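Breakdown of the fold
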Amino acid sequence: MKNQRSDFPGDFLFGCATSSYQIEGHAFGGAGRTQWDDFAATPGNVTRFENGDKACDHYHRYGEDLDLVKQAGFDAYRFSLSWARVLPEGRGQVNEAGLDFYDRLADSLLERGIKPCATLYHWELPSPLLDLGGWRNRDIASWFADFTQVIMERIGDRMFSVAPINEPWCVAWLSHFDGHHAPGVRDIRATARAMHHVLLAHGRAIETMRGLGMNNLGGVFNMEWADPADDSEGARAAADRYDAIYNQWFMSGVFKGAYPQAALDGLEPHLPEGWQEDFPTITAPLDWCGINYYTRKLIAPAGHPWPDYREVDGPLPKTFMDWEIYPEGLYNFLTRTARDYTGDLPLYVTENGMASADVLEDSTVEDPARTAYLDAHLDKVRQAIAEGVPLKGYFTWSLLDNYEWALGYEKRFGLVHVDFETLARTPKASYHALAKALTT
Ligand code: FCB
């Protein structure tokens with residue numbers, strides 16, 4: 001790895017990220033049923049019908065995993081809290097074992113000198129709340145605020161930072177328009193409601209945590225750079241629509257109290273009544289802004305009704321997800337976010353990494369493509385910092401190979417290889433390269 005810790009400002013944080021359903025093992029410890037259990041149990045949704053019952057069994061092996069975080073030289077660890085582990089029905093009765101687990105996790109991080117960076121929601125909605133409409137139902141903002149209160153009363157005093165919702169685009173669009181993620185809905189009215197309620201819930205959670213006296217609260221947005229597939233005006237307009245829906249809607253809502261017109265063109269008729277009146281809550285001030293970045297898309301018109309776009313296969317080298325490797329996109333988002341939305345607010349790259357077809361041989365995994373990917377994106381991080389972007393940290397996705405949602409356990413994103421039969425952990429060559437860069 002070319003980049004070294006000494007190439008970054010002294011207070012720059014390096015971290016790695018995970019999420020609860022993807023690693024914990026949801027069958028353990030009294031967690032309630034979630035929309036991902038239901039989605040996975042419906043044939044056709046998930047590769048090999050896999051679910052998160054066992055995952056990496058992080059629920060029992062978190063000590064070993066946090067040792068790996070420590071030994072790599074990371075300063076911070078981004079993890080998420082399962083709503084259904086804390087409140088198995090989504091509301092009401094608390095699962096004490098769930099609270100105890102996150103309590104132990106917080107203490108174990110602090111004992112190792114690692115900053116705990118929590119996300120309240122990384123997609124495992126409790127099934128009973130989906131029965132009530134899930135993200136379509138405006139009441140979800142109150143249910144989510146109540147969950148926030150319960151868990152943060154217990155562990156909020158030890159969190160370095162907290163973000164309410166991981167990747168609102170995935171929660172709303174990917175899951176209610178594309179139908180690729182749970183609950184697998186394809187419906188424009190459900191989408192519009194989810195697009196708005198996810199931000200209302202974000203705002204309510206921020207208000208709840210402020211009420212508890214907490215600080216260093218932020219938002220985590222996923223971004224995909226959209227380039228027109230050709231020079232036509234139609235392709236430019238299609239890419240702009242993609243950008244408005246994917247990248248601008250959520251940041252614009254949170255930081256400007258308005259939605260972009262190119263997205264309203266299709267969604268406005270389906271938004272819940274009185275949506276404009278929710279912006280005072282949605283724009284609750286934040287202390288930082290996180291960006292998850294992986295790739296870009298080439299976009300062309302599809303000849304369909306709104307949003308009328310389709311993805312076109314791109315020419316760049318791709319990862320095992322078939323995602324083009326495009327570090328410039330990260331630079332573009334960091335500079336654009338600071339310029340158009342956040343100004344002096346600290347920014348973090350809260351996820352960045354790649355899947356590869358890793359093979360364990362003679363107790364090692366050679367994954368030079370991952371090391372090169374991280375290095376190329378760290379170059380862009382440095383370039384943005386040099387140009388004055390107030391970027392304060394970078395988190396790699398992910399610590400462990402894990403449950404990659406609809407793609408099951410096939411797509412390995414970890415710095416550490418996991419054998420899903422024996423659950424043995426083996427740090428890959430990229431882990432060692434990063435550890436060397438961070439600790440020497
Ligand atoms: C992000 C998700 C994370 C993981 C990576 C590959 O969108 O936040 O859970 O699936 O992509």
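For clarity, every value in this text was computed on a predicted model and none was experimentally measured.

**Concerning the site of the ligand**
Lining the immediate environment of the ligand, one finds Gln22, His122, Trp123, Asn166, Glu167, Tyr294, Glu351, Trp397, Glu404, Trp405 and Phe413. Between the ligand and Glu351 there is a distance of 3.0 Å, counted from an oxygen atom to a side-chain nitrogen or oxygen. Taking 290 Å² as the accessible area of the ligand by itself, protein coverage stands at 94%. When the residues that make up the shell around the ligand are grouped by side-chain class, the tally is 5 nonpolar, 3 polar and 3 charged.

**Considerations on the state of the cysteines**
The full count for this structure, using the stated rule, is 0 disulfides. Here Cys170 stays free of any disulfide, with the sulfur of Cys289 as its closest cysteine sulfur at 15 Å. The exposure class assigned to Cys170 is buried, which follows from its relative accessible area of 5%.

**Details of the pairing of strand β9 (residues 391–397)**
If a strand is regular, its side chains alternate between the two faces of the sheet. With 6 of 7 residues buried, β9 is to be regarded as a mostly interior element. Relative to β9, strand β1 (residues 13–17) is paired through 5 bridges, and the arrangement is parallel. Paired with Phe14 across the two strands is Tyr394, which belongs to β9. Viewed along the sheet, the connection from strand β8 (residues 347–351) through helix α14 (residues 368–386) into β9 turns out right-handed.

**What to know about the packing of aromatic side chains**
The way to describe two aromatic rings as a pair is by their centre distance and the angle between their planes. Across all of its chains, the model carries 38 aromatic pairs by this definition. Residues Phe12 and Phe14 carry aromatic rings whose centres are separated by 5.1 Å and whose planes lie at 65° to one another, so their mutual orientation is edge-to-face. For the pair Phe12 and Phe14, one class covers both residues: buried. Between the aromatic rings of Tyr409 and Phe420, the centroid separation amounts to 4.6 Å while the plane-to-plane angle is 50°, which identifies the pairing as tilted.

**Observations concerning the side chain of Asp358**
With respect to the helices, strands and loops of the structure, Asp358 is situated in the loop between β8 and α14. With a relative accessible area of 11%, Asp358 lands in the buried category. Side-chain polar atoms of Asp358 contact the side chain of Arg370, separated by 3.1 Å.

Analysis parameters
Residues numbered from 1 in each chain as written. Predicted model: local features only at pLDDT ≥ 70, side-chain atom pairs only at ≥ 80, totals over all residues. Heavy atoms only, no water. Near = heavy atom within 4 Å. Polar contact = N/O pair within 3.5 Å; in protein donor to acceptor, adjacent residues only side chain to side chain. Areas by Shrake-Rupley, 256 points an atom, 1.4 Å probe, with all protein chains shown as cover. Nonpolar A, V, L, I, M, F, W, Y, C, P; charged D, E, K, R; others polar. Disulfide = S-S within 2.5 Å. Buried < 20%, exposed > 50% of the residue type's maximum accessible area, 1.4 Å probe, protein only. Helix = DSSP H or I, 4+ residues; strand = E, 2+ residues; numbered from the N terminus. Pairing = 2+ DSSP bridges. Right-handed = clockwise from strand over helix to strand, strands pointing away. Phe/Tyr/Trp six-rings, centres within 6.5 Å; stacked < 30°, edge-to-face > 60°.

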